[in-house]
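# Structural overview
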Amino acid sequence: MNSSNQVMMDENPWPDVRYYDQGNKIILDNCILQVTLSKPGGIVTCIRYGGLDNLLEIHNKEINRGYWDLNWSEPDGKDNFDVPTGTEFQIIHADRDKIEVSFVRPYDPNHHWPMVPLNIDKRFVLLRGHSGFYSYGIYERPYGLPDFNLNQTRITFKLRKDRFHYMAIADNKLRLMPSPDDLCHDRCQELAYPEAVLLTKPVNIVLQGEVDDKYQYSCSNRENRVHGWISTDPSIGFWIITPSYEFRNGGPTKQNLTCHVGPTCLAMFHSAHYAGIDLCPQFKNQEPWQKVFGPVFIYLNSAPVGAEPRHLWDDAQRQVNVLLIYPLSPWFKSLDSLLTTLWMTKEVSAWPYSWPSSPDFAKAEERGQISGRLLVLDRYAMPNLHSGTYAFLGLAAPGEKGSWQRESKGYQFWAQADCYGYFSIKNVRAGVYDLYGWVPGILGDYKREGSIHISPGDIIPLDDLVYTPPRDGPTIWEIGIPDRTATKFYVPDPNPKYINRLYVNHPEKYRHYGLWARYSEIYPSEDLVFTVGRSDYRRDWFFAHLCRIEADGSYQPATWQIRFFLPLHEQYRGIFKLRMAIAASNNAAIQVRVNDPSSPKPLFDTMQFGKDNAIARHGIHGLYTLFNIDIPASLMRRGDNTIYLTQRKASGPFTGVMYDYLRLEAPTPEFSPVTHSFS
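Residues numbered from 1 in each chain as written. Predicted model: local features only at pLDDT ≥ 70, side-chain atom pairs only at ≥ 80, totals over all residues. Heavy atoms only, no water.

## Some points on the nonpolar core
- F157, F238, I370, I425 and L435 are the most contacted members of the largest nonpolar core, which totals 100 residues.
- By size, the runner-up hydrophobic cluster in this structure holds 63 residues, among which are Y193, A486, Y523 and L546. (Core = buried A, V, L, I, M, F, W, Y, C linked by side-chain atoms within 4.5 Å. Buried < 20%, exposed > 50% of the residue type's maximum accessible area, 1.4 Å probe, protein only.)

So, in structure tokens, the structure goes:
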């Protein structure tokens, strides 16, 4: 048979996949790449591609090259780091198109060191004609196992430091990175915490004087589709593509690590970063549990000698066939235009994959979908119902409003509505969910009354949904725009001593190190004062309410003032309402006083809350919290008034909050009935 006939009969002309079982290791080969895994451990020891015998760091021990890992703890116990190596190996599937192998570590209560009470099945898959391989894991806790907390799990790849020098995580985040040797004590100066260093004698002199901190390259779940490293000799790209974030904890806004000096590339599935212990699920009372993490695609590409690093990034981005266009939003990176684009990989359109052999991974026919339209009724902002324009809607485990951002045990499925509020959430695993959401530019959290039961094959159209945001009266004043971040507020230039050149003239200026110290430099003697009608929140409202750092290095509570005028001819009775939306908090407590800063008892105290650590970790948001504060009219004056906000926990440089939005509402006046028509 000639080759042309063979191609006509075979839709995939690539050579067959095959494997070589060599006793203590197995090699998967599709003639594009070879992947070597230890057996039965399931550690990736070698990736051969593009003329390099191994893309992974050859000077590391084999167990420290490519591996699944996790952090866990016994109740009230210390954190344990674990690289779960398999004890049982099996070839699950092997034919000319696919090889899938399994490395299982069952829970052993008699193990010689404490073992996380989970059965862990790590899978690796190589497909014919694919320039990369896949990995996914099934974590199972059968009924009756001991209590524990799951703090983090991920896949880690450590690449060759002599080859991979460039990192890319977004179109405007591609840069030459420091060497791991630069993190040695004689080449850098440790800053406020171990992860942050100032490069004093880097191997590449171009990087001298820059700050390196892995948290500067964090990314929200929703945006984290592809990231990786680039070698220029030879020109090779190593990318992790995540086609769905349904298995990640914390929903679409949760931030995670991506890449950092090593060169290290991470597939984060579950973590407490930018949230704290709230996102460390506790398994108690013999509770059974199972979750499939992944699959993720480790994609490899190459280019001719001398190609610019961006060529490989662009190629990784060209693993696409869907272009979605959204309005300006803080969850996207392009802040200099009315529209921004998000390219989604071919892997996204293929989700859910049809090829995983595990019955625990739900295929397309085992999933369902819902659709509907979200409308908004805010009687003081707009008299009629209007569209929930570009709302975010998601299905997550049943709970209270906003509980999805602390949910870690189950799956979450999210979509963004169009400009008319229409949305469709597809590929939802069978189960029982609540529908949650929020609308950019509108305060608060939405939650539909009643749970939704999804069965395989369901296509469920919902009636029009109406979100009535928190509102008691007309707006007297507002500060900011409710978008669940502090992006819109004033972010100062960094101290010139602590620059990351990637973020100079960059929309994510907040990623710079040390911005918390700038508050006391900008306000050396008096705290922030915001005057309604004269001040501009974009330049006059600091992005974080922090402690004051005194000249002797001590920390003092900081009290911010909001000054405003109430008309002399108005006679208010009843209750004013202060809406205080918080984008992040780290061990902070905000006290509210009205017109009397020396009052021994505040009108309201949030009490200490939050462990987001977003201030230190260069995040512009963490967990969202909304406080609704009653202010009796008797505390207000006709004429000049001041609301005092005191961050009373003066415990360190990172203690504070990031506000999202503040609004003062007048006592409810008499008003005409609201029409509920919508066109």
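There's more to say after this.
## Section: the domain arrangement of the protein
- Per the domain assignment, the segments making up the protein are domain 1 (18-177 + 216-317), domain 2 (364-467) and domain 3 (475-665).
- Taking only C-alpha atoms, the centre of domain 1 and the centre of domain 3 are 39 Å apart.
- Taken together, the contacts link 14 residues of domain 1 with 20 residues of domain 3.
- Taking both partners together, domain 1 and domain 3 bury about 1,400 Å²; carbon and sulfur atoms supply 49% of that area.
- Together, K173, Q216 and Y274 form the three largest contributors to the area buried by domain 1 at its contact with domain 3, with a combined 47%.
- Remark: the boundary between domain 1 and domain 3 carries one salt bridge.
- Note that K173 and E508 form a salt bridge whose closest N and O atoms lie 2.7 Å from each other.
- Run the count over domain 1 and domain 3 and you get eleven residue pairs in polar contact (both at pLDDT 80 or more). (Domains from an automatic or database assignment. Contact = heavy atoms within 4.5 Å. Buried area = accessible area lost by both parts, 1.4 Å probe. Salt bridge = Lys/Arg side-chain N within 4 Å of Asp/Glu carboxyl O. Polar contact = N/O pair within 3.5 Å; in protein donor to acceptor, adjacent residues only side chain to side chain.)

## Looking at the sheet that holds strand β45 (residues 604-605)
- One open sheet holds the five strands; their spatial order is β38-β42-β48-β44-β45, and the pairing between them is mixed. Every interior strand has two partners, whereas the edge strands, β38 (529-531) and β45, have only one.
- Alignment of strand β44 (residues 590-594) against strand β48 (residues 639-647), held across five bridges, turns out to be antiparallel. Its bridge partner being in β48, R593 is matched across the sheet by Y644. (Pairing = 2+ DSSP bridges. Helix = DSSP H or I, 4+ residues; strand = E, 2+ residues; numbered from the N terminus.)

## Examining the packing of aromatic side chains
- Tallied over the full model, the rule gives 48 aromatic pairs.
- Ring centres of Y498 and Y513 lie 5.4 Å apart, and the angle between their planes is 70°; this geometry places the pair in the edge-to-face category. In this pair, Y498 sits in the loop between β37 (475-479) and α4 (518-522) while Y513 sits in the loop between β37 and α4, placing the two residues 15 residues apart along the sequence. Note on accessibility: Y498 and Y513 belong to one class, buried.
- Among the aromatic side chains, those forming a connected cluster through ring pairs are W68, Y134, Y139, F247, F269, F293, F297, Y299, W351, Y353, W355 and F361.
- Across the ring face of W438, the terminal group of R484 is positioned such that the distance to the ring centre comes to 4.8 Å. (Phe/Tyr/Trp six-rings, centres within 6.5 Å; stacked < 30°, edge-to-face > 60°. Lys NZ or Arg CZ within 6 Å of the ring centre and 35° of its normal.)

## Concerning the UniProt feature "domain: Rhamnogalacturonan lyase" (unreviewed entry) in the protein
- UniProt annotation of "domain: Rhamnogalacturonan lyase" (unreviewed entry) refers to residues 391-458 and 475-664 when read in the numbering used here.
- Each end of residues 391-458 is marked by a C-alpha atom, and these two atoms are 23 Å apart; helix forms 0% of the span and strand 44%. (UniProt positions renumbered as here; feature names shortened; annotations may be inferred.)

## Remarks on the sheet that holds strand β7 (residues 88-94)
- Strand order across the open sheet formed by nine strands is β7-β8-β9-β10-β24-β19-β18-β12-β13, with antiparallel pairing between neighbours. Strands at the two margins of the open sheet, each flanked by one partner only, are β7 and β13 (173-176). Taken pair by pair, the neighbouring strands of this sheet meet at an average axis angle of 15°, ignoring direction.
- Note: strand β18 (residues 226-232) against strand β19 (residues 235-241), seven bridges, orientation antiparallel. Across the sheet, the residue bridging to G228 is W239, located in β19. (Axes fitted to C-alpha atoms, helices over the stretch in contact; angles between N-to-C directions.)

## Points about the pairing of β48
- Of all the nine residues making up β48, eight are buried; the element is thus mostly covered by neighbouring parts of the structure.
- Pairing analysis gives nine bridges linking strand β42 (residues 558-566) to β48, with the strands arranged antiparallel. Bridge pairing links L566 to G639 in β48.

## A word on the pattern of salt bridges
- The full count for this structure, using the stated rule, is 41 salt bridges.
- A salt bridge links R163 to D162; the nearest nitrogen and oxygen atoms lie 3.8 Å apart.
- Overlapping salt bridges, with partners in common, bring together D472, K577, R579, D630, R663 and E665 in one network.

## Let's talk about the confidence of the model for the protein
- Within the protein, residue pLDDT values average 92, and 93% of them lie at 70 or more.
- Across residues 670-679, where pLDDT falls below 50, the model places 17 contacts with residues more than four positions away in sequence or in other chains. (pLDDT = per-residue confidence, 0-100.)

## Digging into the side chain of D434
- With respect to the secondary-structure elements, D434 resides in strand β32 (residues 431-438).
- Residue classification places D434 among the buried positions, given a relative accessible area of 4%.
- Separated by 3.1 Å, the side chain of D434 and the backbone nitrogen of G399 make a polar contact.
- Ignoring sequence-local partners within four residues, the contact set of D434 consists of G394, L395, A396, A397, P398, G399, K447, G450 and S451.

## Remarks on the environment of T389
- If you trace the backbone, T389 turns up in the loop between β28 (386-387) and β29 (392-396).
- As a C-alpha pair, T389 and G431 span 42 residues in sequence and 28 Å in three-dimensional space.
- Beyond its immediate stretch of four places on either side in the chain, T389 contacts D418, C419, V439 and P440.

## Observations regarding the pairing of β32
- Most of β32 is tucked away, with six of its eight residues classed as buried.
- Sheet topology places β29 next to β32; five bridges connect them, and they run antiparallel. Residue pairing across strands places L395 opposite L435, the latter belonging to β32.
- Bridge analysis of β32 against strand β34 (residues 452-454) gives three bridges, and the strand direction is antiparallel. Within β34, the residue paired with G431 across the bridge is I454.
- Relative to strand β33 (residues 446-447), β32 is paired through two bridges, and the arrangement is antiparallel. The partner of G437 across the bridge, within β33, is Y446.

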